[in-house]
Amino acid sequence: MRVGVIGVGRLGSLFARILAGHPAVTELALAGSKPGSADELADELGVQSMPDADRVLAVVDAVVIAASTAAHPELVRRAAAAGLPTFCEKPIALDLATTDELIELAASAGIELQVGFQRRFDAGYVGARDLIRSGRLGDIYLVRTASHDPAPSPESFIATSGDLFRDLVIHDFDAVRFVTNREIEEVFAVGGAGFPEFEPYRAHADHGLAVGTMRLSGGSQAVFTATRHNPAGYDVRMEIFGSAGSIAVGWDARMPLRSIEPGSPPAPIAPYCDFLDRFSPAYRAEMHAFVDLVLKGTDNVCPPHEARAAFVVALAAGRSAAQGRPVPVSEIT
Ligand SMILES: NC(=O)c1ccc[n+]([C@@H]2O[C@H](COP(=O)([O-])OP(=O)(O)OC[C@H]3O[C@@H](n4cnc5c(N)ncnc54)[C@H](O)[C@@H]3O)[C@@H](O)[C@H]2O)c1
């Protein structure tokens, strides 16, 4: 199978490396935002570099879009026009109208569209989902999520990625839905950027940190915390408290949090440093699932309507933070 990767920044280069080593991928073609920008990586991997996305789309059987978020809509339109099964990083677009347009376009073109919520391929999140489905945690009372980035992203990324909710907390919104099998019905978010480290976000009218509550279907309640600056490391976790047990996802020897209780283990020597470090097995499983989806017709673990559902919650969270009130997700249409 011939695969293209469009956008070879932090995540696209990892996807290219994974696909270059995939036994079913016979050819790999890369393109960046400018001619030549994928050359170095292509040389290293022994694959093709193309001057632009259209040249890639002309010679592949499937495409992975890992370009900056603002570029997703046009690239998905072109991939759909070429009739190619498509993997697109989250979010598909930065507004709901465009998201819906692209979902309809993919459906009418008859192409598969898998969206990049890699926590759906992470052993911990999948294990938590399985436990809840088995009933062994009983009724799910409370869920706590954390997405704490170690350091602000480069300014070029901030400018094109949407806000904290559409770019980062959207992963928690998706994970809550995926793991609990409950809908998020209402969200109340409070954002802030009142520290020097968050100046790049303030400059883009964005938040550097946020907390929020979520009312879930079936009576469960959830909370999230998010920050763009957590020098202890990349801390992404979920805790679930049920009537028959409590569990934690992401609580392992590399968790960047230390207990100050006497006799507790010391701080980890090598805490998770970034998303690539924490989730590389999940990204690998995600790319392998996309290849299987194309070649074998296996299930699409993250279809567009699921991605849309998390995106709508992110929009509700943004409105909530802006207006200082709880926002029913049904308000976003
Ligand atoms: N699922 C996750 O955990 C996760 C983590 C990080 C980023 N992402 C998503 O992945 C995407 C890329 O993020 P990143 O961190 O790799 O960003 P990045 O800024 O490191 O890389 C983006 C690359 O896309 C290139 N680009 C921009 N427009 C392009 C175009 N029209 N054609 C080809 N290339 C183009 C840029 O030059 C840059 O090299 C974003 O949509 C982001 O939301 C997802």
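Residues numbered from 1 in each chain as written. Predicted model: local features only at pLDDT ≥ 70, side-chain atom pairs only at ≥ 80, totals over all residues. Heavy atoms only, no water.

### As for the site of the ligand
Line of reasoning, step 1. Taken together, 22 residues lie around the ligand, and Arg 10, Leu 11, Thr 69, His 72 and Tyr 283 are the ones closest in.
Line of reasoning, step 2. Take His 72: an N or O atom from its side chain is 3.0 Å from an oxygen atom of the ligand.
Line of reasoning, step 3. The separation between a nitrogen atom of the ligand and a polar side-chain atom of Glu 89 is 3.1 Å.
Line of reasoning, step 4. Protein chains bury 82% of the 840 Å² of accessible surface belonging to the ligand in isolation.
Line of reasoning, step 5. Listed by contribution, the elements that provide at least two residues to the shell around the ligand are helix H1 (10–20), helix H8 (164–180) and helix H10 (275–296).
Line of reasoning, step 6. When its residues are assigned to classes, the shell around the ligand shows eight nonpolar, 10 polar and four charged.
Line of reasoning, step 7. Two domains each donate at least three residues to the shell around the ligand, and these are domain 1 (2–111) and domain 2 (119–273 + 308–331). (Near = heavy atom within 4 Å. Polar contact = N/O pair within 3.5 Å; in protein donor to acceptor, adjacent residues only side chain to side chain. Areas by Shrake-Rupley, 256 points an atom, 1.4 Å probe, with all protein chains shown as cover. Helix = DSSP H or I, 4+ residues; strand = E, 2+ residues; numbered from the N terminus. Nonpolar A, V, L, I, M, F, W, Y, C, P; charged D, E, K, R; others polar. Domains from an automatic or database assignment.)

### Thoughts on unusual backbone geometry
Line of reasoning, step 1. Of note, the amide linkage connecting Lys 90 to Pro 91 takes the cis form, showing an omega dihedral of -20 degrees.
Line of reasoning, step 2. Looking at the secondary structure, you find Pro 91 in the loop between strand S5 (86–89) and helix H5 (96–109).
Line of reasoning, step 3. With phi around 55 degrees, Ala 205 is a residue other than glycine that occupies positive phi space.
Line of reasoning, step 4. By the secondary structure assignment, Ala 205 is in the loop between helix H9 (199–202) and strand S9 (209–216).

### A look at a nonpolar patch on the surface
Line of reasoning, step 1. On the surface, Phe 188, Val 190 and Val 211 cluster together into a nonpolar patch covering about 240 Å² of accessible area.
Line of reasoning, step 2. Its location among the elements puts Val 190 in strand S8 (residues 184–192).
Line of reasoning, step 3. The partly exposed category is assigned to Val 190, whose relative accessible area is 47%. (Patch = residues over 30% accessible without salt bridge, like charges linked within 9 Å, V, L, I, M, F, W, Y side chains within 5 Å. Salt bridge = Lys/Arg side-chain N within 4 Å of Asp/Glu carboxyl O. Buried < 20%, exposed > 50% of the residue type's maximum accessible area, 1.4 Å probe, protein only.)

### Section: the pairing of strand S2 (residues 27–31)
Line of reasoning, step 1. Of all five residues in S2, four are buried; the element is thus mostly enclosed.
Line of reasoning, step 2. The sheet contact formed by strand S1 (residues 2–6) and S2 spans five bridges and is parallel. Considered in S2, the bridge of Arg 2 is made with Glu 27.
Line of reasoning, step 3. The parallel pair S1 and S2 is bridged by H1, and the resulting crossover is right-handed.
Line of reasoning, step 4. As defined by bridge partners, S2 adjoins strand S3 (residues 48–49) across two bridges and the pair is classed as parallel. Note that in S3 the partner of Leu 30 across the bridge is Ser 49.
Line of reasoning, step 5. The handedness of the S2 to S3 crossover, carried by helix H2 (residues 39–45), is right-handed. (Pairing = 2+ DSSP bridges. Right-handed = clockwise from strand over helix to strand, strands pointing away.)

### Let's talk about the packing of H8 against helix H11 (residues 304–323)
Relative placement of two packed helices is described by the angle separating their axes and the distance separating the axes.
Line of reasoning, step 1. The interhelical angle for the contact between H8 and H11, taken along N-to-C directions, is 125 degrees, at an axis separation of 8 Å. Relative to H11, the element H8 is oriented oblique. For the pair H8 and H11, the crossing hand works out as right-handed. Here H8 contributes Phe 165, Arg 166, Ile 170, Phe 173, Asp 174 and Arg 177 to the contact with H11, which in turn contributes Glu 306, Ala 309, Ala 310, Phe 311, Val 313, Ala 314, Leu 315, Ala 317, Gly 318 and Ala 321.
Line of reasoning, step 2. Residues that form the contact of H8 with H11 fall into these classes: 11 nonpolar, one polar and four charged. (Axes fitted to C-alpha atoms, helices over the stretch in contact; angles between N-to-C directions. Parallel < 35°, antiparallel > 145°, perpendicular 65-115°, else oblique. Left-handed = near helix turned anticlockwise from the far one by under 90°. Contact = heavy atoms within 4.5 Å.)

### Quick look at the state of the cysteines
Line of reasoning, step 1. One pass over the structure, following the stated rule, counts zero disulfides.
Line of reasoning, step 2. The thiol of Cys 302 is not disulfide-bonded; the next cysteine sulfur, from Cys 88, is found 11 Å away.
Line of reasoning, step 3. With a relative accessible area of 0%, Cys 302 lands in the buried category. (Disulfide = S-S within 2.5 Å.)

### What about the packing of aromatic side chains?
Line of reasoning, step 1. Within this structure, the stated rule accounts for seven aromatic pairs.
Line of reasoning, step 2. Here Phe 165 and Phe 224 contribute two aromatic rings whose centre-to-centre distance is 6.3 Å and whose plane-to-plane angle is 80 degrees, an arrangement assigned as edge-to-face. Of the two residues, Phe 165 is situated in helix H8 and Phe 224 in strand S10 (residues 221–227); the sequence distance between them amounts to 59 residues.
Line of reasoning, step 3. Since its relative accessible area comes to 1%, Phe 224 is described here as buried. (Phe/Tyr/Trp six-rings, centres within 6.5 Å; stacked < 30°, edge-to-face > 60°.)

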